[in-house]
Amino acid sequence: QSGNYDYDLVVIGGGSGGLSCAKEAVAHGARVACLDFVKPTPIGTKWGVGGTCVNVGCIPKKLMHQASLLGEAVHEAAAYGWNVDDKIKPDWNKLVSSVQNHIKSVNWVTRVDLRDKKVEYINGLGSFVDPHTLSAKLKSGDRTITAQTFVIAVGGRPRYPNIPGAVEYGITSDDLFSLDREPGKTLVVGAGYIGLECAGFLKGLGYEPTVMVRSIVLRGFDQQMANLVAASMEERGIPFLRKTVPLSVEKQSDGRLLVKYENTETGEIDSDVFDTVLWAIGRKGLVEDLNLHNAGVLTHKDKIQVDCEETTNVPHIYAVGDIIYGKPELTPVAVLAGRLLARRLYADSDLRMDYADVATTVFTPLEYACVGLSEEDAVKTYGAEEIEVFHGYYKPTEFFIPQKSVRYCYVKAVAQRSGEQRVYGLHYLGPVAGEVIQGFAAALKSGLTIPTLMNTVGIHPTTAEEFTRLSITKRSGLDPTPAS
Ligand code: FAD
Ligand code: NA7
């Protein structure tokens, strides 16, 4: 079917989306090659196959978050009767090497899996020569590859601000998880989920992070929940510099970093000294190296716009994952979109990716997970009069003995006010948030209503059961804090 082409399908990018698409296509009989190439960061960090999630994203982030939670648990253990040394202290280098060893083992398993499944893995940087021809820059020279169909799954990389010293002295999440020295006092610039997560685990590991916020916290998320997340971090001793932007980074003679910054409301300029400056100001799509104009593929900002079948403006070129414009930048989204695309291409399927109601978790010290609409989006879509918000603060049983703060443990359900009272969004702030929301995400996608939620018997004593106990509406004005 591929005529005179080398391959039926060439996938550019061996991350979450590219690998799932390539493997599924092979399973349905296609001849597939998958290119993956990582350009080192300005300080020289590089990594193996598997993309962002495995190497510099979800996986190392979750492991460091876990390390930080374990430190907290050791302190709590004393209250539960364990004889523990209260002067416990993390060993950063040991943590980094444990995390990196795990990543290397995943890289290895990925390579073996590709070989077993007969996906040809090419460690080269791909760029288009014409709509059916790709040039791959390999260590050994250039190779020209032709294919009938292409899938672009090149993902993105962190941005650097355009200020003096940013690239020379700052690092990003691409460097943090393999940093060969303790981060120390760290300025985290950016209050998106990556910035907050990194600040959260650094604090838990005993370092001193400060979060610099340009405008609002967690743009795109429910803002009541976002503000509770920030407040819970401030309560743990993480300062937030609000309405502030960085101006410059200079290296002092003692090696520490002098950061000048400006409060955009007052115009006041201030400075402080840090050991590490971490840019978490968003990510840019990796369209530049692809020479997309040679294939006729149009870009939108630094992303690629696709239709509901992930097709670009060129019919035989598709795109999935973080590189596509306007969709959630999450691993399971890339994985499912890649798999469904391969099935449509090679297995007579017509099932499309549904990007709505994707659940997600922000792994801050007190975790936040949600699925469906934020309160403000529900109001915008249906009107304030048509929305009922059920909410409540709660006290996790296991928080009592170590006297952990319960101040920000909170759940809310955003629902239709009349009719069947369809649930539009669920929001949870508390322990193991991802585990709690995942099942509710299936319920929400299946048409969950408030009566069904109220009729669901909780599992006691858990924090997830709080969703089944919601009875106070915001509209009632009643106090949502528990009595005892
Ligand atoms: P990627 O995984 O980025 O893979 C793209 C690959 O293509 C890369 O290896 C890249 O180097 C390569 N490439 C680029 N250009 C070329 C080229 N021209 N030729 C050859 N190869 C090329 N998501 C979650 O779901 N949960 C989380 O908890 C989570 N945490 C995250 C934490 C951090 C710090 C970060 C940065 C991201 C996190 N994400 C998380 C997001 C998740 O990692 C991404 O959504 C996911 O990796 C996107 O997959 P992808 O296939 O689109 O791209
Ligand atoms: P996000 O979610 O795009 O957040 C970036 C944050 O950085 C956000 O708070 C921005 O503030 C802030 N920002 C952006 N540019 C600047 C500059 N120049 N100076 C200071 N602060 C800035 O990015 P993440 O890195 O957390 O995550 C990237 C994606 O990965 C995200 O979409 C996830 O889905 C996965 P703003 O609100 O714009 O004022």
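Please read all numbers here as calculations on a predicted model, not as lab measurements.

1. Concerning the overall build of the protein chain
Check the secondary structure of the protein chain and you find 12 helices and 22 strands. Expressed along its principal axes, the backbone C-alpha trace of the protein chain runs to roughly 75 × 65 × 50 Å. Going through the 484 residues of the protein chain one by one, you find that 42% of them count as buried. For the protein chain, restricting intrachain contacts to residue pairs at least 6 apart in sequence, the fraction spanning at least 24 positions comes to 64%.

2. Some thoughts on the site of ligand 2
By nearness alone, 18 residues border ligand 2, and Gly190, Gly192, Ile194, Ser215 and Gly282 come closest of all. Residue contributions to the shell around ligand 2 peak at three residues, all from helix 7 (residues 193-204).

3. Things to note about the UniProt feature "binding site: NAD(+)" (unreviewed entry) in the protein chain
Per the UniProt record, "binding site: NAD(+)" (unreviewed entry) is found at Gly190, Ala191, Gly192, Tyr193, Ile194, Gly195, Leu196, Glu197 and Gly282. Across 93 residues of sequence, these annotated residues stay compact in space, with a maximum C-alpha separation of 13.4 Å. Summarising the element assignment, isoleucine 194 is placed in helix 7. Given 23 C-beta atoms within 10 Å, isoleucine 194 falls into the buried group. Non-local contacts of isoleucine 194, meaning those with residues more than four positions away in its chain, are made with Ser173 and Ala280. We classify glycine 282 as partly exposed; it has 14 C-beta atoms within 10 Å. Beyond its immediate chain neighbours, meaning those up to four positions away, glycine 282 contacts Arg159, Gly190 and Gly192.

4. Description of the UniProt feature "binding site: FAD" (unreviewed entry) in the protein chain
Residues annotated in UniProt with the feature "binding site: FAD" (unreviewed entry) correspond here to Lys62, Gly126 and Asp322. An extended arrangement is adopted by the annotated residues: their sequence extent is 261 residues, and the largest C-alpha distance between any two is 30.3 Å. Checked against the element boundaries, glycine 126 lands in strand 4 (residues 125-130). Setting aside chain neighbours within four positions, we find glycine 126 in contact with Ile12, Leu35, Leu134, Ala136 and Leu290. Looking at where aspartate 322 falls in the secondary structure, it is placed in the loop between strand 17 (317-319) and helix 9 (331-346). With sequence-adjacent residues up to four places away left out, aspartate 322 is seen in contact with Gly155, Gly156, Gly285, Glu329 and Ala334.

5. A word on the site of ligand 1
For ligand 1, the set of nearby residues contains 36 residues, the closest of which are Gly13, Gly15, Gly51, Gly155 and Gly321. Counting residues per element, the ones that place at least two in the shell around ligand 1 are helix 1 (16-27), helix 2 (51-56), helix 3 (58-79), strand 4 and helix 9. Among the elements that make up the shell around ligand 1, the one with the highest residue count is helix 2 (four residues). Its residues placed into classes, the shell around ligand 1 shows 17 nonpolar, 14 polar and five charged.

6. Here we look at the sheet that holds strand 11 (residues 240-241)
With parallel pairing, five strands are arranged side by side in an open sheet as 8-15-9-10-11. Looking along the sheet, the strands with just one partner apiece sit at the ends: strand 8 (171-172) and strand 11. Pairing between strand 9 (residues 185-189) and strand 10 (residues 208-212): five bridges, direction parallel. Across the sheet, residue lysine 185 finds its bridge partner in strand 10, namely glutamate 208. Packing of helix 7 onto the sheet brings it into contact with strand 9, strand 10 and strand 15 (276-279), and relative to strand 10 it is tilted by some 160°.

7. Observations regarding the packing of helix 1 against helix 9
The description of two helices packed together rests on the angle between their axes and the distance between the axes. Axis separation between helix 1 and helix 9 bottoms out at 7 Å; the angle between their running directions is 30°. On the basis of the axis angle, helix 1 is roughly parallel to helix 9. When the axes of helix 1 and helix 9 are compared, the crossing they make is right-handed. Residue-level inspection shows Ser16, Gly17, Gly18, Ser20, Cys21, Glu24 and Ala25 of helix 1 in contact with helix 9, the latter providing Thr331, Ala334, Val335, Ala337, Gly338, Arg339, Leu341, Ala342, Arg343, Leu345 and Tyr346. Its residues placed into classes, the contact of helix 1 with helix 9 shows nine nonpolar, six polar and three charged.

8. Comments concerning the pairing of strand 13 (residues 257-263)
Strand direction decides the pairing type here: strand 12 (residues 244-251) and strand 13, joined by seven bridges, are antiparallel. Each bridged residue has a counterpart across the sheet, and for threonine 244 the counterpart in strand 13 is asparagine 263. Two successive antiparallel strands, strand 12 and strand 13, enclose a turn made up of five residues, where glycine 255 displays a positive phi of approximately 90°. Relative to strand 14 (residues 269-274), strand 13 runs antiparallel, the two being bridged by six bridges. Note on strand 14: the bridge partner recorded for lysine 260 is serine 271. Between strand 13 and strand 14, which follow one another and run antiparallel, lie five residues, and glycine 267 among them has a positive phi close to 80°.

9. Looking at the pairing of strand 15
Burial along strand 15 is two-sided: the face carrying Thr276 and Leu278 and the face carrying Val277 and Trp279 are both buried. Bridging between strand 9 and strand 15 involves four bridges; their strand directions are parallel. Its bridge partner lying in strand 15, valine 189 is registered against tryptophan 279.

10. Considering the nonpolar core
Grouped together as the largest cluster of nonpolar side chains are 134 residues, with contacts concentrated most on Val10, Val32, Val151, Ile152 and Val229. The element best represented in this core is helix 9, accounting for nine residues. Apart from residues no more than four positions distant in its own chain, isoleucine 152 is found in contact with Ile12, Gly13, Leu290, Ile304, Ile317, Ala319 and Ile323.

11. Details of the confidence of the model for the protein chain
Counting all residues, the mean pLDDT for the protein chain is 97, and 99% of those residues have values of 70 or more. The ipTM assigned to the predicted complex is 0.97, against a pTM of 0.97.

12. Remarks on the packing of helix 3 against helix 7
With their axes 8 Å apart at the nearest point, helix 3 and helix 7 run at an angle of 35° to one another. For helix 3 against helix 7, the interelement crossing comes out left-handed. For the pair helix 3 and helix 7, contact is made by Lys61, Met64, His65, Ala67, Ser68, Leu69, Gly71 and Glu72 and by Glu197, Gly200, Phe201 and Gly204, respectively. Here the contact of helix 3 with helix 7 is composed, by residue class, of four nonpolar, five polar and three charged.

Calculation rules
- Residues numbered from 1 in each chain as written.
- Chains lettered and ligands numbered in written order.
- Predicted model: local features only at pLDDT ≥ 70, side-chain atom pairs only at ≥ 80, totals over all residues.
- Helix = DSSP H or I, 4+ residues; strand = E, 2+ residues; numbered from the N terminus.
- Buried ≥ 20, exposed ≤ 12 C-beta atoms within 10 Å, placed from the backbone.
- Contact = placed C-beta atoms within 7 Å.
- Near = placed C-beta within 6 Å.
- UniProt positions renumbered as here; feature names shortened; annotations may be inferred.
- Nonpolar A, V, L, I, M, F, W, Y, C, P; charged D, E, K, R; others polar.
- Pairing = 2+ DSSP bridges.
- Axes fitted to C-alpha atoms, helices over the stretch in contact; angles between N-to-C directions.
- Parallel < 35°, antiparallel > 145°, perpendicular 65-115°, else oblique.
- Left-handed = near helix turned anticlockwise from the far one by under 90°.
- Core = buried A, V, L, I, M, F, W, Y, C linked by C-beta atoms within 7 Å.
- pLDDT = per-residue confidence, 0-100.

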